[in-house]
Amino acid sequence: MPTTKVTIVYYSQTGTVATMAARLAQSAEAQGAEVRLRSVGRDNDEVAEGEPARPTADDIVWADVVLLGSPTRYGNIAGRLKVFLDGLGAQWATGQLADKVYAGFTSSQTLHGGQETTLLALYNTVIHFGGILVTPGYTDGSKFVDGNPYGVSHVTGAANDIPVGDVTNTALDHLVTRTISISRRLNA
Ligand SMILES: Cc1cc2nc3c(=O)[nH]c(=O)nc-3n(C[C@H](O)[C@H](O)[C@H](O)COP(=O)(O)O)c2cc1C
């Protein structure tokens, strides 16, 4: 069976979504996938030391599985991730973004501050791509613990300082397992 190719693209300002993205990458590699981890950057175009490279259109075209992450921004995705997605018009128009597995992950300060709406907003774009949206649903007992069937999410709290812990990591690992498994079945 060919190696599953996983691209993870995220925006993160204070590091939470970056931590989640790194866990996804580690988990996917542990499952034998080839991984491209990409950051759209914070507020400037300089890649900081230790930060993953900026994404290109080829990173999405190349992938079997695309995992997209953004903190909640007023219940929506961050502008810089949207700008990257908006730059994929040529690949969209030629069908190169279709027929891949997509899923999303997010972080917010408050529990009801827009995690579901952020993921649904993200998925509007996936639908236009003709992507195959693979949400976690409640397909594993752990989903009744983290409680988000739309994707994976983490709450950082009023001081924005609650670290990503076991519950979120388990949910991230499950998302990787599920998306890779579905992709392998699609490509069998
Ligand atoms: C402009 C802006 C808008 C935000 N909007 C929301 C929001 O609607 N709901 C919420 O709970 N948190 C909101 N937050 C907080 C972030 O989503 C939260 O701190 C997130 O965990 C940060 O992720 P990061 O560490 O990856 O940057 C907002 C933060 C900023 C700067």
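The coordinates are above.
Read on for a plain summary of the structure. The structure displayed is predicted, hence computed values, not measured ones.

1. Some words on the site of the ligand
Part 1 of the argument: The full set close to the ligand counts 18 residues, and Ser12, Gln13, Thr14, Thr72 and Ser107 are the nearest of them.
Part 2 of the argument: A distance of 3.2 Å separates an oxygen atom of the ligand from a polar backbone atom of glutamine 109.
Part 3 of the argument: Between an oxygen atom of the ligand and a side-chain N or O atom of threonine 156, the distance comes to 3.1 Å.
Part 4 of the argument: In isolation the ligand offers 650 Å² of accessible surface; the protein chains occlude 81% of this area.
Part 5 of the argument: Taken atom by atom, the bulk of the ligand overlaps the largest pocket.
Part 6 of the argument: At the level of secondary structure, the elements contributing two or more residues to the shell around the ligand comprise α1 (16-30) and β4 (101-108).
Part 7 of the argument: Residues of the shell around the ligand, tallied by class, amount to 3 nonpolar, 14 polar and 1 charged.

2. Regarding helix α7 (residues 166-186)
Part 1 of the argument: With 21 residues, α7 extends 30 Å between its outermost C-alpha atoms, agreeing within 8% with the 30 Å of an ideal straight helix rising 1.5 Å per residue.
Part 2 of the argument: Buried within α7 are the following residues: Thr168, Asn169, Ala171, Leu172, His174, Leu175, Val176, Thr179, Ile180, Ile182 and Ser183.
Part 3 of the argument: For α7, the elements touching its buried residues are β1 (5-10), α1, β3 (65-71), β4, α6 (143-146) and β6 (152-155).

3. Considering the pattern of salt bridges
Opposite charge on two side chains lets them pair, provided their charged atoms get close.
Part 1 of the argument: As enumerated under the stated definition, the model contains 7 salt bridges in all.
Part 2 of the argument: Put simply, aspartate 59 and arginine 38 hold a salt bridge, and the shortest N to O gap is 2.9 Å. Here aspartate 59, found in helix α2 (residues 57-62), pairs with arginine 38, found in strand β2 (residues 34-39); they are 21 residues apart in sequence, far enough to count as distant.
Part 3 of the argument: Owing to a relative accessible area of 18%, arginine 38 belongs among the buried residues under this scheme.
Part 4 of the argument: With a shortest N-O distance of 2.9 Å, aspartate 86 and lysine 82 are connected by a salt bridge. Of the two residues, aspartate 86 and lysine 82 both sit in helix α3 (residues 79-86), 4 residues apart, roughly one turn of that helix.
Part 5 of the argument: Among the charged side chains, a salt-bridge network with shared partners connects Arg36, Arg38, Asp58 and Asp59.

4. Some remarks on the layout of surface pockets
Part 1 of the argument: Quantified by volume, the largest pocket comes out at close to 290 Å³.
Part 2 of the argument: Every residue lining the largest pocket is counted, 17 residues in all, and those nearest its centre are Pro71, Thr72, Arg73, Gln109 and Asn160.
Part 3 of the argument: Contributions of two or more residues to the lining of the largest pocket are made by α1 and β4.
Part 4 of the argument: Residue classes in the lining of the largest pocket are distributed as 3 nonpolar, 13 polar and 1 charged.

5. Digging into the packing of aromatic side chains
Part 1 of the argument: This model, assessed by the stated rule, comprises 2 aromatic pairs.
Part 2 of the argument: Measuring from centroid to centroid gives 5.8 Å for tyrosine 102 and phenylalanine 129, while their planes differ by 55°, and the two rings are tilted. Of this pair, tyrosine 102 sits in strand β4 while phenylalanine 129 sits in helix α5 (residues 115-129); the two residues are 27 residues apart in sequence, bridging distant segments of the chain. For the pair tyrosine 102 and phenylalanine 129, one class covers both residues: buried.
Part 3 of the argument: Seen from the ring of tryptophan 62, arginine 36 lies directly overhead, with NZ or CZ sitting 4.0 Å from the centre.

6. Some words on the side chain of threonine 4
Part 1 of the argument: Topologically, threonine 4 is positioned in the segment before β1.
Part 2 of the argument: A distance of 3.2 Å separates a polar atom in the side chain of threonine 4 from a polar atom in the side chain of arginine 184.
Part 3 of the argument: The residues touching threonine 4, leaving out its near neighbours within four places in the chain, are Ala33, Glu34, Asp64, Val65, Ile180, Ser183 and Arg184.

Calculation rules
Residues numbered from 1 in each chain as written. Predicted model: local features only at pLDDT ≥ 70, side-chain atom pairs only at ≥ 80, totals over all residues. Heavy atoms only, no water. Near = heavy atom within 4 Å. Polar contact = N/O pair within 3.5 Å; in protein donor to acceptor, adjacent residues only side chain to side chain. Areas by Shrake-Rupley, 256 points an atom, 1.4 Å probe, with all protein chains shown as cover. 1 Å grid on protein atoms, 1.4 Å probe; cavity = no way out; pocket = protein on both sides within 12 Å on 5 of 7 lines; lining within 4 Å. Sits in = over half its atoms within 2 Å of the grid points. Helix = DSSP H or I, 4+ residues; strand = E, 2+ residues; numbered from the N terminus. Nonpolar A, V, L, I, M, F, W, Y, C, P; charged D, E, K, R; others polar. Expected span 1.5 Å × (residues − 1). Buried < 20%, exposed > 50% of the residue type's maximum accessible area, 1.4 Å probe, protein only. Contact = heavy atoms within 4.5 Å. Salt bridge = Lys/Arg side-chain N within 4 Å of Asp/Glu carboxyl O. Points joined across faces, edges and corners; volume = space filled by probe spheres on them. Phe/Tyr/Trp six-rings, centres within 6.5 Å; stacked < 30°, edge-to-face > 60°. Lys NZ or Arg CZ within 6 Å of the ring centre and 35° of its normal.

Everything listed is a geometric property; what it means functionally is a separate question.
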